2 protein chains.
Amino acid sequence: MKKVGVFLAGLGHVGRSFVDLVYEKAGPLRTRYGLEVEVIAAAKSDGGFHTGQPLEPDQFLRRDTVWTDGNPAWKPAMKVTDLMAVSECGCLVDCTPSDFRTGEPSLTYLTAALGHSWSAVTAAKGALVLAFRKLMNLAREKKAELRFSGAAAAALPTLDIGISALAGADILGMEGILNGTSNYILTRVGEGLPYEDSLREAREKGIAEPDPSFDVGGWDTAGKLLLIANTCLGMEFTMDDIRVLGITALTVEDVKRARKNGGTVKLLGKCEKTDGGRGWNLEVGPSVLDHRHPLFRVDGTEKGITFRTDTMGTVTVTGGRSNPRGAAAALLKDIINIHR
Amino acid sequence: MKKVGVFLAGLGHVGRSFVDLVYEKAGPLRTRYGLEVEVIAAAKSDGGFHTGQPLEPDQFLRRDTVWTDGNPAWKPAMKVTDLMAVSECGCLVDCTPSDFRTGEPSLTYLTAALGHSWSAVTAAKGALVLAFRKLMNLAREKKAELRFSGAAAAALPTLDIGISALAGADILGMEGILNGTSNYILTRVGEGLPYEDSLREAREKGIAEPDPSFDVGGWDTAGKLLLIANTCLGMEFTMDDIRVLGITALTVEDVKRARKNGGTVKLLGKCEKTDGGRGWNLEVGPSVLDHRHPLFRVDGTEKGITFRTDTMGTVTVTGGRSNPRGAAAALLKDIINIHR
């Protein structure tokens, strides 16, 4: 049995789903993978939980909320990196929100974890989008593993396909529906509901955030495309290399016209070889897919990605739950694949 | 740079495609994966090629055929296992034909290779179908890796998804279109061509073998289903556990009726939980899929598989080249993932 002591950063929906999952899956983790995953410390922006012993869920979570007041395990105002320094952990699980402007707080936490030679798994895109090569180099230097399935479409296995399943093949291009929110809205617009009504419906269902510009503007898709392309192609693209167009300018008429011709409109992140194979073109924008396209039927909050290769033909993967539990499952998968 | 000395068994289409691929990909194998893959010996049923030095392709292949007459490297009548004993290899690449009755010659070769503590990759289903647990136990005992993507739908990544991408999730069921030949025939029948004409066309195109009963009878699908289920679920099913029905009894009318109702007929291999989760039901047979099924549009020689899970939702992968080069690419992928 191998013990994996987890430092959990971020106690929002994904972080709490991760805790649920780890305790729910304790049995199969032991029997199937020989792993004992224990949450040793858990932190949010204003402090952390730590007792020196593995934390039971009810020591910091009560009825689906975080329990601080009167909690003996709660260390208020303790800096997360200070808590990391005194915690006997081996793996950071980063469930903090994505910030594309600063990469924080993820950038600080990932840097500290790798600096301690901990492995790290993250569901946050910001730090990797801003400092991909720096973080990967730090991981290599410290002989620590850094994985980020949770940040690259979560339960849809984009990186597993690109790294393992297509090993040895040249990837000539890829196209993905990588954002569930905008795909949901586009699907509803395709069904005849105006854009504003579709967006409102998505908000009401908790699919769209109060400020949806990150999703409908194409930025979330661009961030995932960047991580997938850099990882699977071994490149060092930055956000400046990606032309980004969202779906806000689309009208019901645009979508109707595509459907009349047997097509469907999707927000695609694309990375294609150009210049006879010498360069790459990266872009995010609405595309009309015809009915033979392998992503044609990826509707609602579902996601999907297609890889074109030289030796293995075209490989497409679709599905994967688009919710905090799916993201938590992706984090747990990365932990298993690092430590199994 | 890590050297991988390959013993190649079988010099049919897949074996020769593997040789082409290894030499074509020598550059990326070195730069991307730090691997120097060298064919040290190559064998077919009536002898082998061996010089004590890595073989260049033109030392045993000439104009896409195997060169024996007057070839100084050719050792006629040498038993393959004797050649294995004197070859300084570390990896068996098994491209021999599948034989579900005896598992041979694959069973003998895989047993010998693992016995030498070589890693082994195979595109042949027979030995694994008959002796799955025995071979896996031998591999574990000898601390040798045995992989068989090439036998489990080749360039379609079935095992990569089931083992890595879904790690930590419970697989509740899976359904696959796993045989390109029968899917091609069914697609043509769906387009209105009678079964016999569809089969003849598939034969003329080299998609169906002269004796297609293995494919159209559902046995190839059953063999792949068995390998995928045993690997991804950690089970020990045998062929006797699978109810197998082929597509030979289908008529154009059956398929037309399905299409009239908006469906399509596919030969599916299925593995589903039964008895409230206590048992499993495995079967192969024609199924009518409705247009929302993720495999609905998998047509022609294409393949696909859908996994239903508890935490990650439904994940479907489709595509992957269905030809000897695709199978060779799957063998090379397994070599890379073992040795990288």
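Residues numbered from 1 in each chain as written. Chains lettered and ligands numbered in written order. Predicted model: local features only at pLDDT ≥ 70, side-chain atom pairs only at ≥ 80, totals over all residues. Heavy atoms only, no water.

Residue and element names in this part refer to chain A. In contact at an axis separation of 9 Å, helix 7 (residues 180-190) and helix 8 (residues 195-204) are set at 135° when each is read in the N-to-C sense. The angle between helix 7 and helix 8 falls in the class oblique. Crossing hand, helix 7 versus helix 8: right-handed. Each of Tyr184, Ile185, Arg188 and Val189 in helix 7 lies in contact with helix 8, whose residues at this interface are Tyr195, Ser198, Leu199, Glu201 and Ala202. A class-by-class count of the residues in the contact of helix 7 with helix 8 yields 6 nonpolar, 1 polar and 2 charged. (Axes fitted to C-alpha atoms, helices over the stretch in contact; angles between N-to-C directions. Helix = DSSP H or I, 4+ residues; strand = E, 2+ residues; numbered from the N terminus. Parallel < 35°, antiparallel > 145°, perpendicular 65-115°, else oblique. Left-handed = near helix turned anticlockwise from the far one by under 90°. Contact = heavy atoms within 4.5 Å. Nonpolar A, V, L, I, M, F, W, Y, C, P; charged D, E, K, R; others polar.)

Turning to the relation of the copies chain B and chain A, a few remarks are in order. In screw terms, the move from chain B to chain A is a rotation of 180° and a rise of 0.0 Å along the axis, fitting with an RMSD of 0.0 Å. Each copy turns onto its partner about a two-fold axis. Nearest to the rotation axis, the C-alpha of B:Val317 is located 2.1 Å from it, this being the minimum over chain B. (Least-squares fit on C-alpha atoms with pLDDT ≥ 70 in both.)

With respect to the helices, strands and loops of the structure, A:Glu272 is situated in strand 12 (residues 264-274). Residue contacts for A:Glu272: discarding those within four places in its chain leaves A:Leu172, A:Gly173, A:Met174, A:Glu175, A:Gly279, A:Trp280, A:Asn281 and A:Arg308.

Attention now moves to the interface of chain B and chain A. Listed by partner, the interface residues are 40 residues for chain B and 40 residues for chain A. Between chain B and chain A lies a buried interface of about 3,000 Å² when both sides are counted; carbon and sulfur atoms form 48% of it. In terms of surface lost to chain A, no three residues of chain B exceed B:Arg297, B:Thr311 and B:Met312, which account for 19% of the buried area on that side. There are 6 salt bridges connecting chain B and chain A. Between the two partners, chain B and chain A, sit 25 residue pairs in polar contact (both at pLDDT 80 or more). Those elements giving two or more residues to the side of chain B that touches chain A turn out to be helix 2 (26-33), helix 6 (158-165), strand 15 (314-319) and helix 12 (324-339) of chain B. Here the element with the most residues in the side of chain B that touches chain A is helix 12 of chain B; it accounts for 7 residues. Here the side of chain B that touches chain A is built from residues that sort into 17 nonpolar, 13 polar and 10 charged. (Buried area = accessible area lost by both parts, 1.4 Å probe. Salt bridge = Lys/Arg side-chain N within 4 Å of Asp/Glu carboxyl O. Polar contact = N/O pair within 3.5 Å; in protein donor to acceptor, adjacent residues only side chain to side chain.)

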